[in-house]
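# Close look at the chain arrangement
Chain by chain, the residues:
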Amino acid sequence: MGSNGLWYNHGCDGSFYSVCADVRGSNVTFVIIITPMTWTKAQSYCRDHHTDLASVRNMTENQEVQAMLTGGGLYWIGLFRDSWKWSDGSTSSFRFWKTGQPDNNNETCVAADFSQSGTWEDWPCDMERPFICYSSLVSKKVVKMKFESKNNLDLNDPAVMEAMLKQGSMRKWDPKQDPKWDPKWDPKRDPKRNPKWDPKWDPKRDGGEANVRKY
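Fair warning: this is a prediction, and the values are worked out from it, not measured in the lab. (Residues numbered from 1 in each chain as written. Predicted model: local features only at pLDDT ≥ 70, side-chain atom pairs only at ≥ 80, totals over all residues. Heavy atoms only, no water.)

## Digging into the state of the cysteines
Such a bond, covalent and formed between the sulfur atoms of two cysteines, is termed a disulfide. Quick reminder of the rule: Note on terminology: pairs of cysteine sulfur atoms within 2.5 Å are recorded as disulfides. Working definition: helices are DSSP H or I runs of at least four residues, strands are E runs of at least two. Numbering for both runs from the N terminus. The cut-offs for exposure are 20% and 50% of the maximum accessible area for each residue type, with area from a 1.4 Å probe on protein chains only; residues under the lower value are buried, those over the upper are exposed, and the others partly exposed.
Within this structure, the stated rule accounts for 2 disulfides. The disulfide partner of C20 is C46, and the gap between their sulfur atoms is 1.9 Å. Disulfide C20-C46: the torsion about the S-S bond is -75°, which places it as left-handed. In this pair, C20 sits in strand β1 (residues 16-24) while C46 sits in helix α1 (residues 39-49), placing the two residues 26 residues apart along the sequence. Judged by relative accessible area, which is 0%, C20 ranks as buried. Take C46: its relative accessible area is 0%, and that puts it in the buried class. Put simply, C109 and C125 are joined by a disulfide, and their sulfur atoms are 1.7 Å apart. Measuring the twist about the S-S bond at about 95°, one finds the C109-C125 disulfide to be right-handed. Here C109, found in strand β5 (residues 109-113), pairs with C125, found in the loop between β6 (119-123) and α3 (158-168); they are 16 residues apart in sequence, far enough to count as distant. Judged by its relative accessible area of 46%, C125 falls in the partly exposed class. The connectivity of the disulfide-linked cysteines in the protein chain, indexed sequentially, is 1-2, 3-4.

## Overview of the side chain of Q43
For the record, the criterion: The contact rule is simple, with two residues in contact once any of their heavy atoms fall within 4.5 Å.
Its place among the elements puts Q43 in helix α1. Classification of Q43 by relative accessible area gives buried; the value is 6%. When neighbours within four sequence positions are excluded, Q43 is seen to be in contact with D52, L53 and S93.

## A word on the pairing of strand β2 (residues 27-37)
Stated formally: Two strands qualify as a pair provided that DSSP identifies no fewer than 2 bridges between them.
Judged from the 8 bridges that link them, β1 and β2 form a sheet pairing that is antiparallel. Considered in β2, the bridge of D22 is made with T29. Hairpin remark: β1 followed by β2, antiparallel, with 2 residues in the connecting loop; positive phi at G25, about 65°.

## A closer look at helix α2 (residues 59-68)
For the record, the criterion: What the arc covers is the set of directions going from the helix axis to the C-beta atoms. Identification of polar contacts relies on pairs of N or O atoms within 3.5 Å, with a donor-acceptor requirement for protein atoms, meaning one able to donate a hydrogen and the other able to accept it, and with residues adjacent in sequence counted only if both atoms are side-chain atoms.
Inspection of α2 places E61, N62 and V65 among the buried residues, and these make up the whole buried set. An end-on view of α2 places all buried positions within 105° of arc, on one side of the element. Exposed side of α2, more than 90 degrees from the buried face: M59, T60 and A67 are the residues found there. One side-chain oxygen of the residue at the start of α2 lies 3.2 Å from the amide nitrogen of T60, identifying that residue as N58.

## Some points on the environment of D103
Residue position: D103 is located in the loop between β4 (75-76) and β5. Since its relative accessible area comes to 31%, D103 is described here as partly exposed. For the pair D103 and W123, spaced 20 residues apart in sequence, the C-alpha to C-alpha distance is 9.4 Å.

## Some remarks on the nonpolar core
The condition is simple: Definition of nonpolar core: a set of buried residues of the types Ala, Val, Leu, Ile, Met, Phe, Trp, Tyr and Cys, connected through side-chain atoms within 4.5 Å.
By size, the foremost hydrophobic cluster in this structure holds 10 residues: M1, V19, A21, F30, A54, V56, V65, L69, Y75 and I77. Leave out the neighbours within four places in its chain, and L69 touches M1, G2, S3, V19, I32 and Y75.

## Remarks on the environment of V19
Residue position: V19 is located in strand β1. In this structure V19 comes out as buried when scored by relative accessible area, which is 0%. V19 sits 15 residues away from I34 along the chain, and the two C-alpha atoms are 8.9 Å apart. Those residues in contact with V19 that sit more than four places away from it in its chain are F30, V31, I32, C46, L53, A54, V65, L69, Y75, W76 and I77.

## Points about unusual backbone geometry
For the bond running from Q101 to P102, omega is -5°, close enough to zero to count as cis. Counting through the fold element by element, P102 comes out in the loop between β4 and β5. Even without being glycine, S117 reaches a positive phi, approximately 65°. Following the sequence through the fold, S117 ends up in the loop between β5 and β6.

Next comes the structure, spelled out in structure tokens:
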């Protein structure tokens, strides 16, 4: 933005003053930073010390910022145009280009140069280079159970397997893991006290003790 309140597009590697914003609920306060920086460094500075680079959302805010600009010159605001996209579709305004990059010579893919702190360079996509993959970590828990048949039941029978799976979803109450649960709780007397308890459990039919709960 210029001191006349008009907006200008410029390469992000230019060094200008900037306008940060402090956002507190619906209140926005603009702060002028008179240290020349590139757009990316100005964004990082504003995020570290304020909320972000200023978003100018209407003419009233534009006039408010303009009234704070003195001495001419250009000031960075938060608006930017960037056609670069991550292959997984995620969005991020973080950029780590090497000086002079991207040079946009029909080079539409990006490589990191780890001999220079991992800074980025644009390259033709048909270049063969080592690459970095990533995956999301998934936590899995394996529970081993042992079933014994006392009535010569066929453990491969679908009905028996379903009953075993249902019984396997139940465990005895452990006071160390769940000290607030009361094994003496009566679902008829206090049905809302422990909603995870299985009120259909029948000690005569299902066996076990009264301190079995369902998860």
